[in-house]
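Spelled out, the chains give:
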Amino acid sequence: MWQGIAIICCMWSAFLVHKSLQQQINIGAFFYDNELELEKEFMDVVTAINGLESEATFAFTPLIKRLKPEDNSVILQEHACDLIDNGVAVIFGPSSKAASDIVALVCNNTGIPHIEFDVADEEHLEEKPNHQMTLNLYPSQLILSKAYADIVQNLGWRKFTVVYDSEDTKATARLQDILQMRELHNDMVRVRKFKRDDDFRVMWKSIKDERRIVLDCSPDLLVDLLNTSSEFNLTKQFNNILLTNLETYNDNLQDLTADNETFAVNITATRLLLNPDPQAYLHQYGYVTQQDNVVFESNEPSRTLLHDLLHDGLQLFAQAWRNATYFYPDRMSVPRMNCDFAATGGRTWQMGRYLTHLMKGTSGMNGTNFRTSNLQFDEDGQRINFNIEIYDPADNIGTAIWDTRGQITHLNSKAKVHKKIVYRVATRIGLPYFDYKKDAVELNLTGNDMYEGYAVDLIDAIAQEVGFDYVFVPVADQEYGKQDKITKQWNGIIGEIINNDAHMGICDLTITQARRTAVDFTVPFMQLGVSILAFKSSHKVKELDAFLAPFGGEVWLWILIAVFAMSFLKVIIARIAKAEWDNPHPCNRDPDALENLWHLHNTFWLTVASIMTAGCDILPKSPQVRLSEATWWIFAIIIANSYTANLAAFLTSSKMEGSVTSLKDLSGQTKIKFGTINGGSTYNLLSESNETVYRLAFNLMNRDDPSPYTKNNDEGVERVTSSAGEYMFLMETTTLEYHRVRNCNLRSVGEKFGEKHYAIAVPFGAEYRSNLSVAILRLSERGELYNLKQKWWNRNSSNCFEEPDPNATPDLNFEQLRGIFYTLYVGILIAFIIGIVEFLLYVQQVALEEHLTFKLAFIREIKFVLRIWNNKKPITSPTPVSSLRTTPLRSLEKSMERTPKSARRIVLGRSSEEMRELPPPRASPSCSSSVEREGEREGEREEEARV
């Protein structure tokens, strides 16, 4: 027992010795009566520092001065001097509730370090020499202002309203960078002020239509401000509020969102970034709060920014004291200063200035002893290095981190994805991108099931790829998006996105520079250009006489008249020409009559053969006939070549329906009017371009009356169709192709110009933009975008006559030349009819001469005709073999002496009656001998025939 008592006494003695060896350091602090939680935090941190090491060589002894709100600078000075007289090595506080910097002035005169942990006014140049001993752990207002401006720009806000408390003297310094944006964009940035006792509804009413608000207010006013703004639809789903106060997390916004079902505004708040691993002792105690002069404790830990900054201030001073003790152990003693002595010009505490220098020189980069990150000061004691965390106060999820270099790093993207949001997709009615289903009313469809089109399938594919829900919101004005030059307001789909009434917009929405200043776009899902939509008459079946089209009807008539006239004239000229009369029997040198070969049958054949460039075995001899024939040949060559030259162009006239083949040709004429959608992307392309052709086309459209501009593509297509070639419409090639395959009266003119891209529009800074872009790229790589286009562009397409390429070599088809074939068929048919009639007459004659029936004679003759390999036929008519058997030789000789009809000679000046009375001509001996030899050969042929 006595041994145990001895051990306890030894331990107690050792403890007393240790305590006697520890250096006791007095530290002073100012707290107001309603800052009991800060005072308790101060005591807890001091206790924790004193108990960190059992072998610590110093211990802090806190000396606290409590203040009242009505205390003035005189009382503050008395308390500060009292602390200095008690030998404090540092003074903390007071908070920003103090209206004077008298504590900083006292510390500066005595050389006692002064640490502030609350926001303070920015120092002017003349005030800096009086604050050499002061360090402020609260972030510098100038750098904090830059942080807010960077955050606003990162959110993509171009148009917003700044709302702040006019009674807060530090608000303008905290928001000066954002307010300077108002000077650059007065029409985009508005400013509203309020006071605590004002009716907040008056202020909210003045910005009723605002969708983005930068709100700077103390945490105790936040709930009231947001509640009153709900009456003016400022807390809906597509509104955004940025809270700039770093202590916003003091108010429980979760309760506000739970009580108000219509409270769906997107709130973004800022707070000082804390180290992720806090010390255990920071949460082992509860905290003390005071409301309505009632003090109560709670076991739930709740820390504020001032708690953390006060903690870091104590840790900073403890670290500086350790370092100073290590380097100057003999000089680090408790200061013995007096305010009156310092005021009379006495020396200040030199080690205090050394401690201040050590604290200003600390880097504090990710220090484990500090609650806030990146603790660093400048020469004036202002904190210049810190990180701002951008977070969602409703869910307490950090989304990004801002650093003093101006960089913003996004965080917790996966956590934000799990937060299910129904995205509103703005679009407009217009085929083939978006339209109502025809059977939507009959089937009683609602929601997204009511719509169909390319955009519907595309969004559905992207939603399945990314994983989100959506609802279509057709815009009321059916506009793509155009900015009013006076009000600077956007309408259509772009206006819906800017006003936060939609998360994204999709249709045939073109990326333009003007629109990119208002919204952002994903990667393009379709590439296109601009082309000219023109009217094309429906395909007409060519007439049978299409091959006659190169010449008019009267030309053909005159050609026929010329053929017949020249035939008759040739006969007359040939009959009066002496050289055209020939001896029919060359053996008879003294003929009784001459024969003229030029009669109507021969002259008509020669005339037609000249036009057809065919040869002929009879030619003129006399000069006058040759001259007339040569003249006719010249005429025939010109007619034939003119027909050949005009035939191809005339039969392919459907390929050359106009001289307009490009925008340049369209701008160079005034007969055909042309236009485009008013305020659309094509309109902006022509109006903003410096190209001569584009500017000329734009000026021509502006001068036309009535206006050539339309509200949409459907109106432009209707005007092209109804004008029947007097109006052309400039539109995107994709939409043009869609209408052209469905209307055979439409065609595309020229090549496309002005390359464009369709993409999905999203607000600036939308975090889901990258996900949409990645999904579009994946769909494109898998070929699904191509399949979607083929599905909707070729759906319900008409089987129109395929328009040939006007630049290609024209090919004549059967439809254009069928008349020539029909003419050939008719000519052959007539020739066969004449031949058949002649054949039947011949068969009848054979039947009579050979005493056969018509049937037997027809069978025998038709068999001979079908033997195409037999080219010899015995003579049966006009002197058949059967008649030769019974005819006596004398009768045969008499019949041979008769002159056949075809061999009758014609003598000039004698009629046919006189020619019959003339005696037959006597043949010469040579001719008689030839006749006898011919008779002998004839007799031999008869013998062979009998055999």
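Residues numbered from 1 in each chain as written. Predicted model: local features only at pLDDT ≥ 70, side-chain atom pairs only at ≥ 80, totals over all residues. Heavy atoms only, no water.

1. Looking at the packing of helix 11 (residues 305–327) against helix 13 (residues 350–361)
Phase 1: One way to put it is that helix 11 packs onto helix 13 with a least axis distance of 9 Å and a crossing angle of 120°. Put simply, helix 11 runs oblique to helix 13. Considering how the two elements wind past one another, helix 11 and helix 13 form a crossing that is right-handed. Taken together, the residues of helix 13 that come into contact with helix 11 (itself represented by Leu 316, Phe 317, Ala 320, Trp 321, Asn 323, Ala 324 and Phe 327) are Tyr 354, Leu 355, Leu 358 and Met 359. (Axes fitted to C-alpha atoms, helices over the stretch in contact; angles between N-to-C directions. Helix = DSSP H or I, 4+ residues; strand = E, 2+ residues; numbered from the N terminus. Parallel < 35°, antiparallel > 145°, perpendicular 65-115°, else oblique. Left-handed = near helix turned anticlockwise from the far one by under 90°. Contact = heavy atoms within 4.5 Å.)

2. Digging into the sheet that holds strand 27 (residues 673–675)
Phase 1: Taken together, the four strands give an open sheet; going across it, the order is 27-28-24-29, and neighbouring strands pair in mixed fashion. If you trace the sheet from one side to the other, it starts and ends with strand 27 and strand 29 (746–758), each paired once. Between one strand and the next, the sheet's axes are offset by a mean angle of 20°, whatever the strand orientation.
Phase 2: Examined bridge by bridge, strand 27 and strand 28 (residues 727–732) share three bridges and lie parallel to one another. Each residue of the ladder has a partner; that of Lys 673, found in strand 28, is Tyr 727.
Phase 3: Across the face of the sheet, helix 24 (residues 713–723) comes into contact with strand 24 (526–535), strand 28 and strand 29 while running at roughly 150° to strand 28. (Pairing = 2+ DSSP bridges.)

3. A few points about the pattern of salt bridges
Phase 1: Counted by the stated rule, this structure contains 23 salt bridges.
Phase 2: Across the salt bridge formed by Asp 216 and Arg 174, the nearest N and O atoms sit 2.9 Å from each other. Within this pair, whereas Asp 216 is found in strand 8 (residues 212–216), its partner Arg 174 is found in helix 6 (residues 171–174), the two being separated by 42 residues in sequence.
Phase 3: Taking the relative accessible area as the measure of exposure, Asp 216 reaches 2% and is therefore buried.
Phase 4: As a salt-bridge pair, Glu 784 and Arg 782 come within 2.9 Å of each other at their nearest N and O atoms.
Phase 5: You can call Glu 784 partly exposed: its relative accessible area is 31%.
Phase 6: Looking at Arg 782, the relative accessible area reads 45%, which means it is partly exposed.
Phase 7: Three or more residues are tied together by salt bridges with common partners; here these are Glu 465, Arg 778, Arg 782 and Glu 784. (Salt bridge = Lys/Arg side-chain N within 4 Å of Asp/Glu carboxyl O. Buried < 20%, exposed > 50% of the residue type's maximum accessible area, 1.4 Å probe, protein only.)

4. Notes on helix 25 (residues 733–740)
In an α-helix, one full turn covers 3.6 residues, which means residues spaced three or four apart are oriented alike.
Phase 1: Taking burial as the measure, the eight residues of helix 25 include six buried ones, the bulk of the element.
Phase 2: Considered for burial, the residues of helix 25 that qualify are Thr 733, Thr 734, Thr 735, Leu 736, Tyr 738 and His 739.
Phase 3: Next to the buried residues of helix 25 lie strand 24, helix 24, strand 28, strand 29 and helix 27 (784–793).

5. Considerations on the nonpolar core
Phase 1: Ranked by size, the top nonpolar core spans 84 residues in total, and within it Phe 92, Val 162 and Phe 317 carry the most contacts.
Phase 2: No other element matches helix 11, which puts eleven residues into this core.
Phase 3: Residue contacts for Phe 92: discarding those within four places in its chain leaves Gly 28, Ala 29, Phe 30, Phe 42, Ile 115, Phe 117, Leu 310, Gly 313, Leu 314 and Phe 317.
Phase 4: Listed in part, the 35 residues of the second largest apolar core include Val 456, Ile 459, Ile 462 and Val 762. (Core = buried A, V, L, I, M, F, W, Y, C linked by side-chain atoms within 4.5 Å.)

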